[in-house]
Amino acid sequence: MSVHRYAIIGAGPSGLAAARALQKAGIEFDGYEASRGVGGLWDIENPRSTIYESAHLISSRTTTEFAEFPMRTTADYPSHRELITYFRDFADHFGLAERFRFDTKVTSLEPTDDGGWMLRADAVDGTLEQRYAGVILANGTLAEPNIPSFRGEFTGELLHTSAYKAATQLTGKRVLIIGAGNSGCDIAVDAVHHAASVDMSVRRGYYFVPRYLFGKPSDTLNQGRPLPARFKQFVDTRVLRAFTGDPVRFGFPKPDYKIYESHPIVNTLILNHLGQGDLRIMADVDRFDGGTVHFRDGSSGEYDTVVLATGYKLDYPFVDRAALEWSGMAPRLFLNTFTPAFNGLYVMGMIEASGIGWQGRYEQAELIAAYLAALERHPDRAAAFRARVAGEPWPDLTGGYKYLGLERMSYYVNKDAYRGAVRTATQALKTDAAPRGPRHARSAARKKVTA
């Protein structure tokens, strides 16, 4: 068993993945969760949950579930009700819930003189302090709303999607949704059945992926056989056009980027409702003026409610940003996990990628567990790992895609490139051999020729 003890902050999917990986590696840990139980945002009764009543997975069940614990449901795209049951069953099956303190909000992390971290938290029975050798931050990436600023003032109801729970909130109202991401499109599809009118303000074009292609969940096609980026973009653009048509004809701007360079929208019902005239696409917002919204193309509209489908910001409020080496919109971390200083902070779940699922996040947790185990049992391997991180170029996690330079894309990765790099790093920590990617292979070949 481990001689050091670690803390895990958060009991959502990423926190549970971290707990399971540390448990399997025999590493001691305590978990902390601000809400009543496991599940994170998938527990709609969690005060910090951003889930709404109609929410379902946008990736299919088999590409999302933990490999060692398949979901019992046969639904391809389960609802949040099935998912919170899944996480509770997962935690109970592996005895993870008993390792967490619930209703306990971490308020600060501060480095200690001996190289550890002092954790402070507010609990129902008072405040607590506990020193740990290291801390895994798994408090999620979809909790802190991104609220953009607009010129002027809107005197109607202004709410972010994080405050949206059910379509009945919009009954009889003239609604404007700003943003057309997956949540914005879900809410628009809900709203057309209840609101007096629904408009969507969009800044750029989007690619729309149907949930089913050729009778199967679309993200299950070509699994395990990744295509080169340019070829996949060429093929999939034409497949989508055949199945969904050109979104431009429904009022969307033409995308100024190629498919998969931003997260696609897994919702084609929005196109159906546009085709039926149930909602309209509007230009980007120019300014608010009382109950009137003016758009950049000179048009305007009167609204009772404006819904901000403007996404979320990364937020680790209990630790100084310098400790995570923030650079722009996100921390600068090796494999989105390790600080370059290896200061005892590890980040779980700061990865966004089409199709990476919870198994991809579990592999990230396995990497953390492998490093922590190496620290105690094979310090030479841990030292070699740190040396490679400091002295060699970091892996390219884009998979050949040129992602948009947006805040929400600041920690976006290609699932195949990311999982491959994580598995390589994990294997290196479990053996005495360094990873032998193309760069290492070329170096070895040159040495052999010279010899």
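Refer to the preceding data block for the structure.
Everything quoted here is computed from the prediction, not taken from an experiment.

A.B. asks: What am I meant to see in the packing of helix 1 (residues 13–24) against helix 3 (residues 80–93) here?
C.D. replies: Packed helices, taken two at a time, are described by the angle between their axes plus the distance between the axes. Taken N-terminus to C-terminus, the directions of helix 1 and helix 3 make an angle of 15°; their axes are 11 Å apart at the nearest point. One way to sum up the angle between helix 1 and helix 3 is to call them roughly parallel. Both helix 1 and helix 3 take part in a crossing whose hand is left-handed. Where helix 1 approaches helix 3, its residues P13, L16 and R20 are matched on the opposing element by F87, F90 and A91.

A.B. asks: Even after reading the chapter, I still don't get the packing of aromatic side chains, so can you show me in this structure?
C.D. replies: A complete count under the given rule lists 37 aromatic pairs for this structure. When the centroid spacing of 6.2 Å and the interplanar angle of 85° are considered together, the rings of Y32 and Y132 count as edge-to-face. Here Y32 is found in strand 2 (residues 28–32), whereas its partner Y132 is found in strand 6 (residues 126–132), with 100 residues between them in sequence. Neither residue differs from the other here; Y32 and Y132 are each classed as buried. Here the aromatic rings of Y77 and Y212 are separated by 5.7 Å at their centres, their planes lie at 85°, and the arrangement is edge-to-face. Here Y212 lies in strand 12 (residues 212–213) and Y77 lies in the loop between helix 2 (61–64) and helix 3, a separation of 135 residues in the sequence. Y212 sits in the partly exposed class, given a relative accessible area of 40%. Counting every residue linked through ring pairs, the aromatic cluster contains W42, F66, F69, Y86, F87, F90, F94 and W358. Geometry around F29 places R99 over its ring, the cationic atom sitting 4.1 Å from the centre. In this arrangement the basic side chain of R332 is found over the ring face of W394, its NZ or CZ atom lying 4.4 Å from the centre.

A.B. asks: It is not clear to me how the pairing of strand 11 (residues 197–201) should be interpreted in this structure. Could you clarify?
C.D. replies: Remark: a regular strand shows side chains that alternate across the two faces of the sheet. The buried fraction of strand 11 is high, at 4 of 5 residues. Bridge count between strand 10 (residues 174–178) and strand 11: 5 bridges; the pairing is parallel. Across the sheet, the residue bridging to L176 is D199, located in strand 11. Between the parallel pair strand 10 and strand 11, the chain is carried across by helix 4 (residues 182–191), and the sense of this crossover is right-handed.

A.B. asks: Help me out: how do you make sense of unusual backbone geometry in this one?
C.D. replies: Most of the time, phi is negative for any residue but glycine, and the peptide bond is trans. The backbone of E325 sits at a positive phi, close to 50°, despite the residue not being glycine. As for its position among the elements, E325 is in the loop between strand 19 (312–313) and strand 20 (326–327). Even without being a glycine, L335 presents a positive backbone phi close to 55°. With respect to the helices, strands and loops of the structure, L335 is situated in the loop between strand 21 (330–331) and strand 22 (345–347). A relative accessible area of 3% means that L335 is categorised as buried.

A.B. asks: Before we go on, may I ask you to explain the sheet that holds strand 16 (residues 292–295) in this structure?
C.D. replies: Strands belonging to one sheet form pairs held by backbone hydrogen bonds; the direction of such a pair is parallel or antiparallel. Pairing is antiparallel across the open sheet formed by 3 strands, whose spatial order is 15-16-17. In this open sheet, the two edge strands, each paired with only one partner strand, are strand 15 (285–289) and strand 17 (300–302). On average, each strand axis in the sheet is inclined to that of its neighbour by 20°, with strand direction left out of account. Sheet topology places strand 16 next to strand 17; 3 bridges connect them, and they run antiparallel. From the neighbouring strand, H294 faces strand 17, where its bridge partner is S300.

A.B. asks: Looking at this structure, I do not really get helix 9 (residues 415–430). What am I missing?
C.D. replies: Note: α-helices contain 3.6 residues per turn, so residues at a spacing of three or four share the same orientation. Its 16 residues give helix 9 an end-to-end C-alpha distance of 22 Å, which sits within 8% of 22 Å, the value for a rise of 1.5 Å per residue. Check the buried side of helix 9 and you find it contacts helix 7 (357–377) and helix 8 (379–391). Capping of helix 9 at its N-terminal end is provided by N414; its side-chain oxygen lies 3.1 Å from the backbone amide nitrogen of D416.

A.B. asks: Is there a simple way to explain helix 1 in this structure?
C.D. replies: End to end, helix 1 covers 17 Å across 12 residues, agreeing with the expected 16 Å (1.5 Å per residue, within 8%). The element helix 1 is extensively covered by neighbouring structure, given that 10 of its 12 residues are classed as buried. In this structure, the buried side of helix 1 is in contact with strand 1 (5–9), strand 2, helix 3, strand 3 (100–101), strand 7 (134–137) and helix 7. Following helix 1 by one or two positions, G26 has its phi on the positive side, about 70°.

A.B. asks: Could you clarify how one ought to interpret the pairing of strand 4 (residues 104–111) in this entry?
C.D. replies: Note: strand 4 against strand 5 (residues 117–123), 7 bridges, orientation antiparallel. Note on strand 5: the bridge partner recorded for V106 is A121. Hairpin connection from strand 4 to strand 5: 5 residues lie between these consecutive antiparallel strands, with G115 at a positive phi of about 90°.

A.B. asks: So what exactly am I meant to see when it comes to the packing of helix 1 against helix 7 here?
C.D. replies: Their axes nearest at 8 Å, the elements helix 1 and helix 7 cross at an angle of 40°. With respect to helix 7, the axis of helix 1 lies oblique. Handedness of the crossing formed by helix 1 with helix 7: right-handed. Between helix 1 and helix 7, the residues in contact are P13, S14, A17, A18, R20, A21, L22 and K24 and W358, R361, Y362, A365, E366, A369 and L372, respectively. Of the residues in the contact of helix 1 with helix 7, the class split is 10 nonpolar, 1 polar and 4 charged.

Cut-offs used in this document
- Residues numbered from 1 in each chain as written.
- Predicted model: local features only at pLDDT ≥ 70, side-chain atom pairs only at ≥ 80, totals over all residues.
- Heavy atoms only, no water.
- Axes fitted to C-alpha atoms, helices over the stretch in contact; angles between N-to-C directions.
- Helix = DSSP H or I, 4+ residues; strand = E, 2+ residues; numbered from the N terminus.
- Parallel < 35°, antiparallel > 145°, perpendicular 65-115°, else oblique.
- Left-handed = near helix turned anticlockwise from the far one by under 90°.
- Contact = heavy atoms within 4.5 Å.
- Phe/Tyr/Trp six-rings, centres within 6.5 Å; stacked < 30°, edge-to-face > 60°.
- Buried < 20%, exposed > 50% of the residue type's maximum accessible area, 1.4 Å probe, protein only.
- Lys NZ or Arg CZ within 6 Å of the ring centre and 35° of its normal.
- Pairing = 2+ DSSP bridges.
- Right-handed = clockwise from strand over helix to strand, strands pointing away.
- Expected span 1.5 Å × (residues − 1).
- Polar contact = N/O pair within 3.5 Å; in protein donor to acceptor, adjacent residues only side chain to side chain.
- Nonpolar A, V, L, I, M, F, W, Y, C, P; charged D, E, K, R; others polar.

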